[in-house]
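Structural overview for review
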Amino acid sequence: MQDKRRLFTRRDFIRGTIGATLSASLLGARWAGATEEAARSSLVTVVRDQDVMDAAGVTVDRAVLKRMLDQTLIQFTGEKNVKDAWMTLVRPEDTVGLVPTPHLNPTHPEVFDTVRDALIDAGVPTKKILAAQGEIGKAERCSALIALPALKAHWLTGIGTVLKNYILYSGNPSRYHEENSAKLGEIWNLPDVEGKTRLVLVDALHPLCDKGPQPDPRYKWAYNGLIAGTDPVAVETVCLRIITEKRRALRGEPWPLSPPPICVEAADKVYGLGTSRMEEIRIEHHGWDLDLLL
Amino acid sequence: MKFLKTALLFLLLFATLSVHEGATAKMEQDKPDLPKTVGVWTRPDSPRVVDGTTIFKYMNGAGELYLGYRFDHLEVYEYAADGQDNILVELYFMKTSDDAFGLLSQDWGGEPVTLSQSPLSKAKLTPASSVSALYGKGLLRVWSDDIYARVMAYRETPESKEAVLSLGRAMTANRKNSSPPRLLNILPDTIDSAWRLRRDRISYFRSFLVLNSLYYLSHQNILGLDLSTEAVTAPYERVTSTENRERVQLLVVKYRDPARARHALEQFQEAYLPEHKKDFVSGSMAENPNFFKIEDGWLGYKLYDKRIALVFECPDQGSARMIINQIQFVQKGE
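Residues numbered from 1 in each chain as written. Chains lettered and ligands numbered in written order. Predicted model: local features only at pLDDT ≥ 70, side-chain atom pairs only at ≥ 80, totals over all residues.

On to the overall build of chain A. Broken down by element type, chain A carries nine helices and nine strands. Radius of gyration (C-alpha) of chain A: 18 Å, near the 19 Å computed for a compact globule of 294 residues. Seen through its C-alpha atoms, chain A measures out along the principal axes to roughly 55 × 45 × 35 Å. Within chain A, the proportion of its 294 residues that are buried is 49%. (Helix = DSSP H or I, 4+ residues; strand = E, 2+ residues; numbered from the N terminus. Rg over C-alpha atoms; globule rule 2.2 N^0.38 Å. Buried ≥ 20, exposed ≤ 12 C-beta atoms within 10 Å, placed from the backbone.)

In structure tokens:
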């Protein structure tokens with residue numbers, strides 16, 4: 001059944017030694033210790049508006065969504081106007097790929113459209129904005145990527161939001177399930193992907209906090225938010241906190257994600273994609289603050 | 001002689017055809033009869049049929065859940081209506097009633113609904129005692145003999161809810177109510193009058209991926225679970241004060257034969273309790289419970305014939321011992 005390499009188990013998580021075990025067994029890579037790391041800081045913005053969706057959580061108000069996106073850009077970049085804000089992230093000569101989530105609580109098409117329209121308004125030619133979810137060739141054609149995942153848990157990887165959003169670029173998504181989900185970070189370092197992600201913008205309008213594997217509307221709720229950053233691990237870590245707190249609130253007791261999302265810490269410690277430590281993440285919130293879960 | 005031989009052949013052929021027709025008739029009778037229209041919604045004439053070779057194309061990685069049970073095929077209907085969101089009907093035809101039950105047992109949340117006129121089996125119905133259908137926010141989940149069904153309105157309205165429930169009633173009409181898997185009977189309702197079974201968290205399964213989605217042990221299959229095994233897991237709770245409750249997790253696995261059970265326990269011991277490997281002598285452990293203090297409390301296990309019971313997160317050795325010793329490994333009728 002098993003090969004002879006060290007297995008990692010529930011006990012490793014409880015001991016806090018999952019990193020070392022993963023490193024020794026699965027990843028075959030150096031696991032950076034906390035003391036070796038330089039001080040880091042990543043900004044993640046959370047912009048929410050109670051009116052962005054109807055009461056049924058089905059229809060998106062595009063005008064409200066546009067305001068939220070504008071606020072996100074201003075807040076994240078510190079620029080005074082939206083166009084300048086976008087131009088700190090992309091250039092008009094860029095070919096910009098938008099990468100939404102296609103399955104299980106997919107990204108709202110309104111989010112995709114609003115981002116595309118905002119890029120056009122900022123000066124990126126329409127023909128240079130591509131829908132880039134899918135095979136690696138789509139990423140190859142782009143000089144910049146904007147990740148547009150939707151916030152959700154996942155039954156094989158724990159969380160299935162930011163890091164998993166590029167899984168189709170691997171050409172073999174099933175290779176990244178179960179224990180191999182720890183390796184999701186390596187996809188972000190593929191030659192045609194590495195360094196291209198200018199913004200991670202999470203559609204947290206109507207997240208899914210249980211693992212599925214198929215959507216159950218009882219576990220969807222109106223968070224009515226956009227979560228953004230340039231550090232994918234930091235954004236994922238904030239998403240993980242929101243899902244964890246929502247699960248606790250639903251059941252009135254701890255309800256940990258199972259299996260645990262091992263990809264997040266590995267993306268930090270092995271693949272160097274960003275920080276998974278909440279103390280290194282600066283969260284700036286704007287707008288509706290009821291049940292912020294942060 | 002030749003005449004007798006020919007007559008015998010005809011007789012055999014007739015008997016075979018009769019059995020085949022009988023089986024076909026039974027399948028036709030058992031197959032849910034979904035209405036062409038429900039409310040303002042109408043379905044296509046024939047379903048989309050998905051089998052084990054095409055399930056990932058239909059639902060990506062979610063297919064692992066169904067292949068973790070004894071899955072036969074899936075029939076998908078989409079009811080549509082002008083100006084209304086669709087209603088999706090998924091009928092999962094499983095090879096046994098136990099497997100269909102297992103899918104429902106993934107989550108006992110939602111509002112229990114009664115769809116069938118006929119009473120459920122008198123057998124001990126462990127989890128939510130008489131529950132075979134649950135509804136919540138537009139999604140109806142149904143266990144009906146060897147079928148597990150999901151009926152989902154993409155937008156919940158009073159009309160769509162009524163249509164969803166009506167479809168549930170139609171698909172369960174004239175179908176028998178089966179008993180839950182017999183293995184569930186191994187779980188006592190209470191242990192030592194203090195530890196109470198969380199009925200709303202009982203799950204039945206066969207796959208380590210499903211186990212990990214319920215109670216994570218390892219990303220690898222350290223208990224040797226597969227489609228030939230049956231497993232049930234549930235927490236027990238003990239209320240120690242108004243604010244404080246202790247919880248342990250019980251897991252029972254039934255293997256095809258005692259040799260597989262013993263081998264699985266050896267694998268588990270090696271993977272989960274490697275520092276105790278020297279204490280583990282496979283030939284001498286049979287039927288003796290073993291207890292270990294690990295990071296999240298006391299772990300106990302016992303092997304009996306083709307079954308293994310394991311309890312996790314016990315507050316002390318005495319609790320672990322008492323819980324393991326209360327398991328009735330042999331059920332009536334076995």
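After presenting the structure, the write-up continues.
Now for the overall build of chain B. Looking only at helices and strands, chain B features eight helices and 17 strands. Taken across its 334 residues, chain B has 40% of its residues classed as buried. Long-range pairs, those at least 24 residues apart, make up 61% of the contacts in chain B with a sequence separation of at least 6. (Contact = placed C-beta atoms within 7 Å.)

Right, let's get into the domain arrangement of chain B. Residue and element names in this part refer to chain B. Taken as a whole, chain B is organised into domain 1 (30-172) and domain 2 (182-326). Between domain 1 and domain 2, the C-alpha centre-to-centre distance is 31 Å. Those elements giving two or more residues to the side of domain 1 that touches domain 2 turn out to be helix H3 (63-67) and helix H4 (97-104). The dominant element in the side of domain 1 that touches domain 2, judged by the number of residues it contributes, is H4, at three residues. Here the side of domain 1 that touches domain 2 is composed, by residue class, of six nonpolar, five polar and four charged. (Domains from an automatic or database assignment. Nonpolar A, V, L, I, M, F, W, Y, C, P; charged D, E, K, R; others polar.)

Moving on, we come to the interface of chain A and chain B. At the interface, 27 residues of chain A touch 31 residues of chain B. When its residues are assigned to classes, the side of chain A that touches chain B shows twelve nonpolar, seven polar and eight charged.

Turning our eyes to something else, we now look at the pairing of strand S14 (residues 245-254) of chain B. Residues and elements named next belong to chain B. Counting buried residues in S14 gives seven out of ten residues, a clear majority hidden from the surface. Here ten bridges tie strand S13 (residues 230-239) to S14, and the two strands are oriented antiparallel to one another. Its bridge partner lying in S14, threonine 233 is registered against leucine 251. Where S14 lies against strand S17 (residues 307-314), six bridges are found, and the strand directions are antiparallel. Counterpart to valine 252 in the pairing with S17 is alanine 309. (Pairing = 2+ DSSP bridges.)

What follows deals with the environment of glycine 63 of chain B. Positionally, glycine 63 of chain B belongs in helix H3. Along the primary structure glycine 63 of chain B and glycine 52 of chain B are separated by eleven residues, whereas in three dimensions their C-alpha atoms are 8.3 Å apart.

What follows concerns the domain arrangement of chain A. Domain annotation of chain A identifies domain 1 (1-31) and domain 2 (36-287). Relative to domain 2 of chain A, the C-alpha centre of domain 1 of chain A lies at a distance of 27 Å.

Before going further, it helps to spend a moment on the environment of valine 96 of chain A. Residues and elements named next belong to chain A. Structurally, valine 96 is set in strand S2 (residues 96-100). Valine 96 gets classed as buried once you count the C-beta atoms within 10 Å, which come to 26. Not counting chain neighbours up to four residues away, the residues in contact with valine 96 comprise Val90, Leu119, Val124, Lys128, Ile129, Cys142, Ala144 and Ile146.

On to the nonpolar core, then. By size, the foremost hydrophobic cluster in this structure holds 88 residues, and its most contacted members are Ile87, Tyr92, Tyr148, Leu250, Ile308, Val311 and Ile323 of chain B. Excluding its chain neighbours within four sequence positions, the residues that come into contact with isoleucine 87 of chain B are Trp41, Tyr79, Val151, Met152, Ala153, Ser160, Ala163 and Val164 of chain B. Of all hydrophobic cores here, the second largest spans 77 residues; its members include Val52, Met68, Trp86 and Leu240 of chain A. (Core = buried A, V, L, I, M, F, W, Y, C linked by C-beta atoms within 7 Å.)

Moving on: the packing of helix H3 (residues 62-77) of chain A against helix H5 (residues 109-122) of chain A. All names here are of chain A. Direction vectors running N to C along H3 and H5 enclose 55 degrees, while the axes themselves pass 10 Å from each other. Looking at the two axes, H3 sits oblique to H5. Like other packed secondary-structure pairs, H3 and H5 cross with a definite hand, here right-handed. Where H3 approaches H5, its residues Arg62, Leu65, Lys66 and Leu69 are matched on the opposing element by Glu110, Val111, Thr114, Val115 and Ala118. Across the contact of H3 with H5, the residue classes tally to five nonpolar, one polar and three charged. (Axes fitted to C-alpha atoms, helices over the stretch in contact; angles between N-to-C directions. Parallel < 35°, antiparallel > 145°, perpendicular 65-115°, else oblique. Left-handed = near helix turned anticlockwise from the far one by under 90°.)

This next bit is on helix H7 (residues 258-272) of chain B. Relative to the 21 Å expected for 15 residues at 1.5 Å per residue, H7 of chain B spans 21 Å between its end C-alpha atoms, a close match to the ideal helical length. Listed as buried for H7 of chain B are Ala261, Ala264, Leu265, Phe268, Gln269, Ala271 and Tyr272 of chain B. Where H7 of chain B is buried, its residues contact helix H1 (10-15) of chain A together with strand S16 (297-304) and S17 of chain B. (Expected span 1.5 Å × (residues − 1).)

Below, the discussion takes up the packing of helix H8 (residues 232-251) of chain A against helix H9 (residues 262-269) of chain A. All names here are of chain A. Running from amino to carboxyl end, H8 crosses H9 at an angle of 155 degrees, the nearest separation of the two axes being 10 Å. Here H8 lies roughly antiparallel to H9, going by the angle between them. Seen from above, H8 lies across H9 with left-handed handedness. For the pair H8 and H9, contact is made by Val233, Glu236, Thr237 and Leu240 and by Val264, Ala267 and Asp268, respectively.

A few words now on the pairing of strand S5 (residues 150-154) of chain A. Residues and elements named next belong to chain A. Burial of S5 is extensive: five of the five residues sit out of reach of the surface. Burial along S5 is two-sided: Ala150, Lys152 and His154 facing one way and Leu151 and Ala153 facing the other are all buried. Relative to strand S7 (residues 197-208), S5 is paired through two bridges, and the arrangement is parallel. From the neighbouring strand, lysine 152 faces S7, where its bridge partner is leucine 208. Taken together, the two bridges between S5 and strand S6 (residues 158-159) define a ladder with antiparallel strand orientation. Opposite alanine 153, over in S6, you have isoleucine 159 as the bridge partner.

This paragraph deals with the environment of isoleucine 87 of chain B. Here isoleucine 87 of chain B shows up in strand S5 (residues 84-94). In this structure, the C-alpha to C-alpha distance between isoleucine 87 of chain B and leucine 197 of chain B, residues 110 residues apart in sequence, is 36 Å.

The next subject is unusual backbone geometry. A cis amide bond links serine 258 of chain A to the next residue, proline 259 of chain A, at an omega of 5 degrees. Inspection of the secondary structure puts proline 259 of chain A in the loop between H8 and H9. A positive phi angle, near 50 degrees, is found at lysine 137 of chain B, a position not held by glycine. Relative to the elements of secondary structure, lysine 137 of chain B occurs in the loop between strand S7 (133-136) and strand S8 (139-144). Since 17 C-beta atoms lie within 10 Å of it, lysine 137 of chain B is described here as partly exposed.

Take helix H5 (residues 158-172) of chain B next. Residue and element names in this part refer to chain B. Between its first and last C-alpha atoms H5 spans 21 Å; for 15 residues at 1.5 Å apiece the expected length is 21 Å, and the two agree. Inspection of H5 places Ser160, Ala163, Val164, Leu167, Gly168, Met171 and Thr172 among the buried residues, and these make up the whole buried set. The buried residues of H5 all sit within an arc of 165 degrees when viewed along its axis, so they share a single face. Elements that come into contact with the buried residues of H5 comprise strand S1 (37-38), strand S2 (41-42), S5, S7, S8 and strand S9 (147-153). Trailing H5 by a residue or two, asparagine 174 shows a phi angle of about 65 degrees, which is positive. (Arc of directions from axis to C-beta.)

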